[in-house]
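# Coordinates in review
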Amino acid sequence: MRRLGLRPGARRDMFHFERSLNRHNPKAALRMFDLITGRIPSLAEQPLKGVERRRGFRELIINLGKSAYIVRYRFATGPVVVVTRLCIVFKAAAR
């Protein structure tokens, strides 16, 4: 099995989301944190599960309510999957 690495930028992104959401809704912040930290380790076992965006880089989309979190990661043939950034996308309301 591959190892999982978390770049400093991805770690900062995660804690920034958690702090921002915690100010408004602590329960939602905990759900978000648990969901993302629960899904990221699966990339070590299944690095191809995300969508390929460009050579060597992929994105895992994690839906949560009215938003989605995008885990950007790098995967090559080596033994390490490196999470490079985390982003949040707010879904548009259905019309």
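Details of the structure are given in the entry above.
Throughout this description, residue numbers start from 1 for each chain and increase along the sequence as written. Local features in a predicted model are, by the rule used here, given only for residues with pLDDT of at least 70; side-chain atom pairs are given and counted only at 80 or more, and totals for whole chains, interfaces and linings are based on all residues. With hydrogens and water set aside, each side-chain value is computed from the structure's full complement of heavy atoms.

Take the packing of aromatic side chains next. The aromatic pairing rule takes the rings of Phe, Tyr and Trp, using the six-membered ring of Trp, and pairs them if the centres are within 6.5 Å, calling planes under 30 degrees apart stacked, those over 60 edge-to-face and the rest tilted. Inspection of every chain in the model, using the stated rule, returns two aromatic pairs. Between Phe15 and Phe33, the aromatic rings sit 6.0 Å apart at their centres with planes inclined by 40°, giving tilted as the arrangement. Of this pair, Phe15 sits in helix α1 (residues 8-24) while Phe33 is found in helix α2 (residues 26-39), placing the two residues 18 residues apart along the sequence. Per-residue accessibility, obtained with a 1.4 Å probe over protein chains only, is compared with the maximum for each type, and a residue is labelled buried under 20%, exposed over 50%, and partly exposed between these values. With relative accessibility at 40%, the residue Phe15 sits in the partly exposed group. Note on Phe33: relative accessible area 24%, which makes it partly exposed. Comment: the charge-over-ring label is applied if NZ (Lys) or CZ (Arg) is within 6 Å of the ring centre and within 35 degrees of the ring normal. In this arrangement the basic side chain of Arg54 is found over the ring face of Phe57, its NZ or CZ atom lying 4.5 Å from the centre. Here a strand is any run of E in DSSP of at least two residues, a helix any run of H or I of at least four, and the numbering for each starts at the N terminus.

This part takes up the layout of surface pockets. Grid spacing is 1 Å over the protein atoms alone, the probe is 1.4 Å, and a cavity is where that probe fits but cannot get out, while a pocket is an open set with protein on both sides within 12 Å along at least five of seven lines and lining residues have an atom within 4 Å of a point. Grid points are joined across faces, edges and corners, and a volume is the space filled by probe spheres set on the points. Of the pockets and cavities examined, the largest pocket occupies roughly 230 Å³. What lines the largest pocket is Phe17, Ser20, Leu21, Ala28, Arg31, Leu64, Gly65, Ser67, Tyr69, Ile88 and Phe90. Listed by contribution, the elements that provide at least two residues to the lining of the largest pocket are α1, α2, β4 (67-75) and β5 (80-90). Ranked by the residues each element gives to the lining of the largest pocket, the list is headed by α1, at three residues. Tallied by class, the residues present in the lining of the largest pocket amount to seven nonpolar, three polar and one charged. Three categories are distinguished: nonpolar for Ala, Val, Leu, Ile, Met, Phe, Trp, Tyr, Cys and Pro, charged for Asp, Glu, Lys and Arg, and polar for the others, with Gly belonging to the last.

A few words now on the packing of α1 against α2. Axis geometry follows a simple rule: fit a line to the C-alpha atoms, using only the stretch in contact for helices, then measure angles between N-to-C directions, giving values from 0 to 180 degrees. Interhelical geometry of α1 versus α2 gives an angle of 155° and a closest axis separation of 6 Å. It follows that α1 is roughly antiparallel to α2 by the angle criterion. Where α1 approaches α2, its residues Met14, Phe15, Phe17, Glu18, Leu21, Asn22 and His24 are matched on the opposing element by Pro26, Ala28, Ala29, Met32, Phe33, Ile36 and Thr37. Here roughly perpendicular refers to angles of 65 to 115 degrees, roughly parallel to angles under 35, roughly antiparallel to angles over 145, and oblique to all remaining angles. Throughout, a contact is declared for two residues whenever any of their heavy atoms are within 4.5 Å.

This part covers α1. The end-to-end C-alpha distance of α1 is 25 Å, a good match for the 24 Å that 17 residues give at a rise of 1.5 Å each. Gly9, Ala10, Asp13, Met14 and Phe17 are the residues of α1 that are buried. The buried residues of α1 occupy one face: seen down the axis, they fall within an arc of 140°. What points out from α1, more than 90 degrees from its buried face, is the exposed set Arg12 and Arg23. Taken together, the buried residues of α1 touch β1 (3-6), α2, β4 and β5. How far a helix is expected to stretch is found by multiplying one less than its residue total by 1.5 Å. By definition, the arc is the one covered by directions from the helix axis to the C-beta atoms.

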